[in-house]
Amino acid sequence: MPNKNYRKISKGPDVYIVSLPQKTDAIFADLIIKIADSDYSHLQNKVLAHLLEHYLIGRILPNIKEETKISGVVRYEYIRISIKTRAKIFMEEYKTILDTINNEIFTDQKTFQYEKDSIINEAVSALNRPDSLVYNLVAKKIFTNSKCRYAIQLSDELENSKKVSLGDLKKYYNSVKTSDRFSLFVGSHTLPHSFEKEIKKLINGLQLTYAGRKINGKFADTKECALTPAKFQNFVYKMSPITGAEHASYVALVYQGYPLPLKTSATKHIAIALLCRSIVGQYSNKISAELRQEGVYANNFLRKTFPELGLIVFWSHIPLDKITRYITATKNATLKPTSELLTIKSINDIKKRAVSETKTEWQNNLTKYEFIMNIILEEETGYSDINSLLLLIKKINPQIIQSVHKDVFYNQKPKIIVISNKKLPANTTKKINLLSKNWFNNV
């Protein structure tokens, strides 16, 4: 799409130039490898993409200068390999990077092994983070099909990562090394015209195969990611002791939110984000105090937004004898009138602060670059530049907040999931069922 903040200078592979505001010598670049329609299963695609990202960076690192910073990330749709360096050495550094990627023959067993070990460590660390633990166990039961890409378990990723060989990685890389999967993004204040020619020459020098693959529709089937029936479900897990409490549990209340793309419902996504923050007490001392009176100090929320659906998860680490108190307190918070959750003054204050922060970020090279990358890569933001984002923020008003609140929290009961290391007290399940049955009573 035409945009004064970035422009495409080459096709197949695509090359984008991103214009940045500050006159500095910093230059940013991202190599993107699309993996969305891989012929591998969701689990293997994710495992292999993660290992490939680690392995390629492991191979690049010894060959670039200390001042060049490199990192990588894997999303459901793509692998992203990012660098930040100085303009004076960019061409030399990026030639080294692309040469490494282009000529990799996958024989470095030492690099492969220590990168695999680092991924295993990363997965184990994530498995023990409360937010990861909660989402993984929620996803395991919330999706009808356990093979849905959003239901993939970290424990399964961990076990499958251990089994991957260097030969497997080479085969996977060859399967995604096509000209329509690769693209390059370069951001700087002023990029010499000669740079553009050299960048195009570098990226076009990649030995990529013909971009004639067929889209594998079975991995884009929305039925695959359907949720389980909306009726109340209480799941109890037997797990290793929860650190810090002898009789404790994680309790999650799960709502269905809005799916992507955000551009069709961007104001709704902003509104639900504000409501979630208010419900857990971030904007209201009164709500925070009411939660504390029920013995809840940290009420947390997760928002997951996918093409097929959105998920909203309120959760906390709760003693077994306070499970129903937590559920009741969170229920009462979600069903408060919007005028109590977000007053007109608080909405206006939040909007004023958001506008100010957005304008400041737009003047910073790194934050603006990331902003533009989100617009191009995610295609779901609901805005195309700073002006359209500011317009979205300004559109938020009490009427939109009230409409979204009613749509999400008054049109569905949450699914309640209990994750415990002990057997629940005898009457707890009965109390939870009664709470769910009478969810909207006295409202």
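Numbering of residues starts from 1 in each chain and follows the order in which that chain's sequence is written. Local features in this predicted model are restricted to residues whose pLDDT is 70 or higher, and side-chain atom pairs enter the listing and the counts only when it is 80 or higher, whereas totals over whole chains, interfaces and linings include all residues. Side-chain numbers here rest on the full set of heavy atoms in the structure, without hydrogens or water.

Undergrad: Let's hear about the state of the cysteines: which residues, and what values?
TA: Among covalent bonds in proteins, the disulfide is the one between the sulfur atoms of two cysteines. Count a disulfide wherever a pair of cysteine sulfur atoms falls within 2.5 Å. Throughout the structure, instances matching the rule amount to 1 disulfide. Across the disulfide, C148 is cross-linked to C225 (sulfur-sulfur distance 2.4 Å). Between C148 and C225, the S-S torsion sits near 100°, and that sign places the bridge as right-handed. Of this pair, C148 sits in the loop between α4 (130–142) and α5 (154–163) while C225 sits in the loop between α7 (193–204) and β7 (236–238); the two residues are 77 residues apart in sequence, bridging distant segments of the chain. Here's how the labels work: a residue is buried when its accessible area is under 20% of the maximum for its type, exposed when over 50%, partly exposed in between, all with a 1.4 Å probe on protein chains only. The exposure class of C225 is buried, given its relative accessible area of 3%. Counting from the N terminus, the helices are DSSP H or I runs at least four residues long and the strands are E runs at least two residues long.

Undergrad: Describe the confidence of the model for the chain, and please don't skip the residues or the numbers.
TA: Residues at a pLDDT of 70 or more form 91% of the chain, whose mean pLDDT is 87. For every residue, the pLDDT score states the predictor's confidence, bounded by 0 at the bottom and 100 at the top. For this analysis, residues touch if any pair of their heavy atoms sits within 4.5 Å. For residues 215–221, every residue scores under 50 in pLDDT, and the model assigns this stretch 10 contacts once sequence neighbours within four places are set aside.

Undergrad: Outline the pairing of strand β11 (residues 415–420), listing residues and values.
TA: Along β11, 6 of the 6 residues are buried, which leaves the element largely enclosed by surrounding structure. The alternating pattern of β11 places K415, I417 and I419 on one face and I416, V418 and S420 on the opposite face, and all of these are buried. In the sheet, strand β8 (residues 248–257) pairs with β11 via 6 bridges, with the strands oriented antiparallel. Its bridge partner lying in β11, L253 is registered against I416. A pair of strands is treated as paired once DSSP finds two or more bridges between them.

Undergrad: So, the packing of aromatic side chains: which residues are in play, and what are the values?
TA: Side-chain rings of Phe, Tyr and Trp (the six-membered ring for Trp) are treated as a pair once their centres are within 6.5 Å; stacked means planes under 30 degrees apart, edge-to-face means over 60, and tilted covers the remaining angles. Applying the stated rule across the entire model yields 20 aromatic pairs. With centroids separated by 5.0 Å and ring planes inclined at 90°, the aromatic side chains of Y76 and Y150 adopt a geometry described as edge-to-face. Separated by 74 residues along the polypeptide, Y76 in the loop between β4 (69–74) and β5 (78–86) and Y150 in the loop between α4 and α5 bring together distant segments of the chain. Judged by its relative accessible area of 33%, Y76 falls in the partly exposed class. The class of Y150 is buried, set by a relative accessible area of 2%.

Undergrad: An account of helix α1 (residues 42–60) is needed here, citing residue identities and associated values.
TA: A helix is expected to span 1.5 Å multiplied by its residue count minus one. In this model α1 runs 27 Å from its N-terminal to its C-terminal C-alpha over 19 residues, within 8% of the 27 Å that 1.5 Å per residue would give. With 15 of its 19 residues buried, α1 lies for the most part within the structure.

Undergrad: Account for the pattern of salt bridges, with residues named and values stated.
TA: We define a salt bridge as a contact between a side-chain nitrogen of Lys or Arg and a carboxyl oxygen of Asp or Glu at a distance within 4 Å. The final tally for this structure, using the stated rule, is 20 salt bridges. The partner of D25 in a salt bridge is R86, with the nearest N and O atoms 3.7 Å apart. Note that D25 is positioned in the loop between β2 (14–19) and β3 (26–34) and R86 in strand β5, a separation of 61 residues in sequence. Assessed through its relative accessible area of 30%, D25 is described here as partly exposed.

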